[in-house]
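# Coordinate inspection notes
Here are the chains, one letter per residue:
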Amino acid sequence: MPLFNQKVSPGLSIADDTDILHFLNPDNSDKYVDARTALKNSDIYSIVFQLSADLANGKLKADAPRAQGILNNPTQTSNAHAFWQSMFAQLLLGGECFAYRWRNQNGTDMTWEYLRPSQVTPFLLEDGSGLIYNINFDEPEVGVMEAVPQSDLIHIRLLSQNGGKTGISPLSALANELQIKDKSNKLTLSALGRSIIAPGILSIKHGGLLSDEDKASRSRKFMKQTSKSENGPIVIDDLEEYTPLEVKSNVAQLLNQVSWTGAQIAKVYGVSDSIINGQGDQQSSIQMMGNAYVKSLARYAKAVTGELNNKLNANINFDLRSAIDPLGDSYATTISNLRKNGTIAANQAAWLLKESNYFPEEMPEASTPPVPISTSKDDKSAEGGDNDDED
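Residues numbered from 1 in each chain as written. Predicted model: local features only at pLDDT ≥ 70, side-chain atom pairs only at ≥ 80, totals over all residues. Heavy atoms only, no water.

### A few points about the overall build of the chain
Scanning the chain from N- to C-terminus turns up 14 helices and 11 strands. Classification of the 391 residues of the chain by burial places 30% in the buried group. Relative to all contacts within the chain whose residues are 6 or more apart in sequence, the contacts with residues 24 or more apart total 63%. For the chain, the accessible area works out to roughly 26700 Å², and carbon and sulfur atoms hold 52% of it. (Helix = DSSP H or I, 4+ residues; strand = E, 2+ residues; numbered from the N terminus. Buried < 20%, exposed > 50% of the residue type's maximum accessible area, 1.4 Å probe, protein only. Contact = heavy atoms within 4.5 Å. Areas by Shrake-Rupley, 256 points an atom, 1.4 Å probe, with all protein chains shown as cover.)

### What to know about the side chain of Thr 75
Mapped onto the elements of the fold, Thr 75 is located in the loop between helix H4 (65-72) and helix H5 (80-94). According to the relative accessible area criterion, Thr 75 is buried, its value standing at 14%. Of note is the side chain of Thr 75, whose polar atom sits 3.0 Å from the side chain of Thr 77. Those residues in contact with Thr 75 that lie beyond four places of it in its chain are Phe 83, Thr 111 and Trp 112. (Polar contact = N/O pair within 3.5 Å; in protein donor to acceptor, adjacent residues only side chain to side chain.)

### So, the environment of Glu 241
Structurally, the position occupied by Glu 241 is in strand S10 (residues 240-244). Assessed through its relative accessible area of 36%, Glu 241 is described here as partly exposed. Through-space distance from the C-alpha of Glu 241 to that of Lys 205 is 7.5 Å; in sequence the pair is 36 residues apart.

### Focus on helix H3 (residues 42-57)
For H3, built from 16 residues, the straight-helix expectation of 22 Å at 1.5 Å per residue is met to within 8% by its first-to-last C-alpha distance of 22 Å. Taken residue by residue, H3 has Asp 43, Ile 44, Ser 46, Ile 47, Val 48, Leu 51, Ser 52, Ala 53, Asp 54, Leu 55 and Ala 56 as its buried positions. The residue sitting at the N-terminus of H3 and contributing the capping side-chain oxygen is Asn 41; that oxygen lies 2.9 Å from the backbone nitrogen of Asp 43. (Expected span 1.5 Å × (residues − 1).)

### Overview of the confidence of the model for the chain
Regions with low pLDDT carry predicted coordinates that are not meant to be interpreted in detail. Considering every residue of the chain, the mean pLDDT works out to 77; 72% of them sit at 70 or more. Across residues 17-25, where pLDDT falls below 50, the model places 4 contacts with residues more than four positions away in sequence or in other chains. Long-range and interchain partners of residues 380-385, a stretch whose pLDDT sits below 50, account for 1 contact in this model, where long-range means more than four residues apart. (pLDDT = per-residue confidence, 0-100.)

### Observations regarding the packing of aromatic side chains
This model, assessed by the stated rule, comprises 10 aromatic pairs. Ring centres of Tyr 45 and Phe 49 lie 6.2 Å apart, and the angle between their planes is 0 degrees; on these two criteria the pair is classed as stacked. Here Tyr 45 pairs with Phe 49, and both are found in helix H3, just 4 residues apart, close to one helical turn. With a centroid separation of 5.4 Å and 85 degrees between ring planes, the pair formed by Tyr 100 and Phe 137 is classed as edge-to-face. Placement of the pair is Tyr 100 in strand S3 (residues 96-103) and Phe 137 in the loop between strand S6 (131-136) and strand S7 (144-149), with a sequence separation of 37 residues. (Phe/Tyr/Trp six-rings, centres within 6.5 Å; stacked < 30°, edge-to-face > 60°.)

Right, dumping it as structure tokens:
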């Protein structure tokens, strides 16, 4: 007998330890950092922009043509680079990012729609077999979708406390640092606004107690006398003494007293602070800093490919070579060294450089095999000719 009016279970809400802490202490609202507010911080904006741009400059390569097609053209409302940079920026700010998969009747991806975290509410199925989502679309024709299966959603997460169901925002670790820097900025602006700039002190001796009006009047007369002297000497009587004032202002120290917040922000995102202030560790070489940055990008790339491999049922790799070596010179040097060491042949080296677009595809083949130029002293071609005349 068929059953009618079946209701889909709304699912169980996903909670973590932070929700319990906020329930016990509802006034502890300062632990939440809004992404829009965080982007007003120059250090956070710099890190998020650079990391998201470098990740978007990388290439997502799939072994399935359909998966590769949607990765190359994921959306109809913007270009692929802007879409992926927006996804990665949201991932860095919120710890997770979402995209809805619009698919046809055959299950083939037609286009992906970027979703803000505020539009998505995840739930756990009652039997614990998966996740479902309630999505509030901006389009009035679509409206609200309830109980959307997790197969219809791209959900990339970073660090998680609930088994990978949701991600934790890196900004949660920067709440105290951002508060300190905000208060320091207010203190600095207040100090600059209330700072006193005076050229010197004019002391009146044996004049008794002068009123404020008399002091202000004498100051104006002295300044008038100074302006009329045309940079000449100032003449005062024995009852007055003028002392040039040397103010040692500490306002500059206020501007630099929380410079460590930039290093704290870089530490949270797993990169060197050199990408913020351009200095970092002066003892480190450029190659060492580059290798550390590549490792940082690889950590985020694994989170991306892990989700895409699961949802697209394909083997997807994240090629970051174009992001860390945009000109390809380092890659060409590595291939050249492998050729010199005899690891690969000349035709293999040329093929690899063509595949990486370092050499153009229309490059003509060499008429004669290239011969390495020898600079050794034993090379007889560099010596003079033998004297055959033995008369």
